[in-house]
Amino acid sequence: MVSMRMASIHESTTMKISAMAKKLAAGGQDIIDMGVGEPDFDTPKYIVEAGCNSIRKGETRYAPTVGIPELRRIIADKLVRENSLHVAADDVVVTPGAKMAVFAAIQALLQEGDECLLIGPSWVSYEPCVSFAGASVSWGKVDENFMPVDLAESISARTRLIIVNSPSNPTGSVFDRKTLEEIRDLAVDHNLSVISDEIYEKIIYDHEHISIGSMPGMEERTVTINGFSKSYAMTGWRLGYLAGPKETMKWVTRLLSHSVSQATTFVQRAGVAAMQGPQDEVAMMAAEFRARRDMLVSGLRNLGIPCSMPGGAFYVFPDVSSVGGGDAFTDRLLKEALIAATPGSAFGPDGANYVRLSYATSQSRICQALERIKKILS
Ligand code: PMP
Ligand code: GLU
């Protein structure tokens, strides 16, 4: 027996591939894991220390559902200073991972029969969260650089929400101001809410990160989501947050109070340290990701595989239609080259010709991966 609601969602492909790659590696296979999007760096020491000190101090009890006051204040200050959002600490809710923020915001904003616009290949968890709310997805078109085109065509009388994810997982595309203004105009004209998932904000190359929530007309309709997993290499700590209109935050809080209760108390202390500490490791990681991106994109292009240049995040999304298509090529990569990757189809119907390779792995492993791909193609 399973509820209809549960039956509407499938397992996360990225999590499934991650588990499979780890199992194969544990079994002694020399797997190059380019499947999951997880920084390969250790969490910076000063953050680890702050978490450990907090445990030692006995901060091991429940905290408020919305998060500890100090972290909420620091997050609000950051959103005002860096993202030009008009938010106060009371508008911020801390969550165990940005994934919970995405889930809760979608449940708060959508109901049975509603539609949510996703723009081109989109992160694996958005659609299941939308389905779980009883709503459905309409897929907006993108061009060859994964920039939105003719989005108005994908809006219907049932559309209630647009999800913006720039820099994007899986394509790495970064939306410029003009593109975001077009999305803003659609949201305002059709009275839609917007979720802006900005988790890759700090992993961006030669582009400006713009928060759509800072644009005129957007304050009252935008929920901005971010987290610590990518910027601070803190995936396993589970720490994220969202900020948005008071009414939405009220329902999000209610949902959290009956499910996860709160983000772990001492992890929130680590979050305070992360945001208040020196940010040079964040910049160092981003610089290393850029070098890997350059190496991987040029390597793939040299092998004759078309690949757009990502402006952010740590994924490339090459077009593998000439070598069997996304599903078949992902299969070959694993079986013949021992490279774990994610098929583009996991990111929606427009992803079928692509494969997502995460470059959150060392340059020497990327080099090896390119050698292996060359071998199976020749
Ligand atoms: N949004 C996007 C686009 C992501 O790639 C991820 C990565 N898991 C998340 C949200 C959630 O991140 P986390 O739950 O680890 O904070
Ligand atoms: N966001 C990462 C990815 O897409 C981590 C796994 C997940 O949360 O889906 O691979």
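Residues numbered from 1 in each chain as written. Chains lettered and ligands numbered in written order. Predicted model: local features only at pLDDT ≥ 70, side-chain atom pairs only at ≥ 80, totals over all residues. Heavy atoms only, no water.

1. Looking at the layout of surface pockets
Next, step 1: For the largest pocket, the calculated volume is near 420 Å³.
Next, step 2: In terms of lining residues, the largest pocket is bounded by 24 residues, among which Met15, Gly37, Lys99, Trp123 and Lys230 are the most central.
Next, step 3: For the lining of the largest pocket, the elements supplying multiple residues, two or more each, are helix H2 (13–26) and helix H5 (98–109).
Next, step 4: In terms of residues, the lining of the largest pocket owes the most to one element, H2, which gives four residues.
Next, step 5: When its residues are assigned to classes, the lining of the largest pocket shows nine nonpolar, eight polar and seven charged. (1 Å grid on protein atoms, 1.4 Å probe; cavity = no way out; pocket = protein on both sides within 12 Å on 5 of 7 lines; lining within 4 Å. Points joined across faces, edges and corners; volume = space filled by probe spheres on them. Helix = DSSP H or I, 4+ residues; strand = E, 2+ residues; numbered from the N terminus. Nonpolar A, V, L, I, M, F, W, Y, C, P; charged D, E, K, R; others polar.)

2. A closer look at the sheet that holds strand S5 (residues 159–164)
Next, step 1: The seven strands lie next to each other as S2-S8-S7-S6-S5-S3-S4, forming an open sheet whose pairing is mixed. Edge strands, defined here as strands with exactly one partner in the open sheet, are strand S2 (92–95) and strand S4 (136–140). Going from strand to strand, the sheet's axes swing by 20 degrees on average, the running direction of each strand aside.
Next, step 2: Across four bridges, the pairing between S5 and strand S6 (residues 193–197) is parallel. Each bridged residue has a counterpart across the sheet, and for Ile163 the counterpart in S6 is Ile195.
Next, step 3: Strand contacts of H5: S2, S5, S6, strand S7 (222–227) and strand S8 (240–243), with the helix running at about 165 degrees to S7, the strand carrying the most contacts. (Pairing = 2+ DSSP bridges. Axes fitted to C-alpha atoms, helices over the stretch in contact; angles between N-to-C directions. Contact = heavy atoms within 4.5 Å.)

3. Section: the site of ligand 2
Next, step 1: In the vicinity of ligand 2, the contacting residues are Thr14, Met15, Val36, Gly37, Lys99, Trp123, Val124, Asn169, Tyr200, Lys230, Tyr315 and Arg356.
Next, step 2: Within the backbone of Gly37, a nitrogen or oxygen atom sits 2.7 Å from an oxygen atom of ligand 2.
Next, step 3: Within the side chain of Arg356, a nitrogen or oxygen atom sits 2.8 Å from an oxygen atom of ligand 2.
Next, step 4: Notes on ligand 2: free accessible area 280 Å², of which the protein chains cover 90%.
Next, step 5: When each cavity is represented as a set of grid points, ligand 2 is found to reside in the largest pocket.
Next, step 6: Across the shell around ligand 2, the residue classes break down as six nonpolar, three polar and three charged. (Near = heavy atom within 4 Å. Polar contact = N/O pair within 3.5 Å; in protein donor to acceptor, adjacent residues only side chain to side chain. Areas by Shrake-Rupley, 256 points an atom, 1.4 Å probe, with all protein chains shown as cover. Sits in = over half its atoms within 2 Å of the grid points.)

4. Quick word on the site of ligand 1
Next, step 1: Around ligand 1 there are 13 residues in total, and Ala98, Asp197, Tyr200, Ser229 and Arg238 lie nearest to it.
Next, step 2: In the model, a nitrogen atom of ligand 1 is placed 3.4 Å from a nitrogen or oxygen of the Lys230 side chain.
Next, step 3: Within the contact set of ligand 1, an oxygen atom lies 2.6 Å away from a side-chain nitrogen or oxygen of Arg238.
Next, step 4: Protein chains bury 94% of the 390 Å² of accessible surface belonging to ligand 1 in isolation.
Next, step 5: In this structure the site holding ligand 1 corresponds to the largest pocket.
Next, step 6: Grouping the constituent residues of the shell around ligand 1 by class yields five nonpolar, four polar and four charged.

5. Things to note about the pairing of S5
Next, step 1: Counting buried positions along S5 gives five out of six residues, so the element sits mostly inside the fold.
Next, step 2: Sheet topology note: the strand S3 (residues 115–119)/S5 ladder contains four bridges and is parallel. Its bridge partner lying in S5, Cys116 is registered against Leu161. (Buried < 20%, exposed > 50% of the residue type's maximum accessible area, 1.4 Å probe, protein only.)

6. Some details on the side chain of Thr13
Next, step 1: Along the chain, the position of Thr13 falls in helix H2.
Next, step 2: Look at Thr13 and you get buried, because its relative accessible area is 18%.
Next, step 3: Residues within four places of Thr13 in sequence aside, it is in contact with Thr342, Pro343 and Ala346.

7. Let's talk about empty space enclosed by the protein
Next, step 1: Applying the stated criterion to the full structure yields two cavities of 30 Å³ or more.
Next, step 2: Looking at the largest cavity, its volume works out to about 110 Å³.
Next, step 3: Taken together, 15 residues form the lining of the largest cavity, with Ile119, Pro121, Ser122, Asn165 and Ser168 sitting closest to its centre.
Next, step 4: Of the residues that constitute the lining of the largest cavity, the class distribution is eight nonpolar, seven polar and no charged.
Next, step 5: If you add up the space inside the second largest cavity, you get close to 30 Å³.
Next, step 6: Lining the second largest cavity are Val164, Ser166, Leu180, Ser196, Glu198, His209, Ile210 and Ile212.

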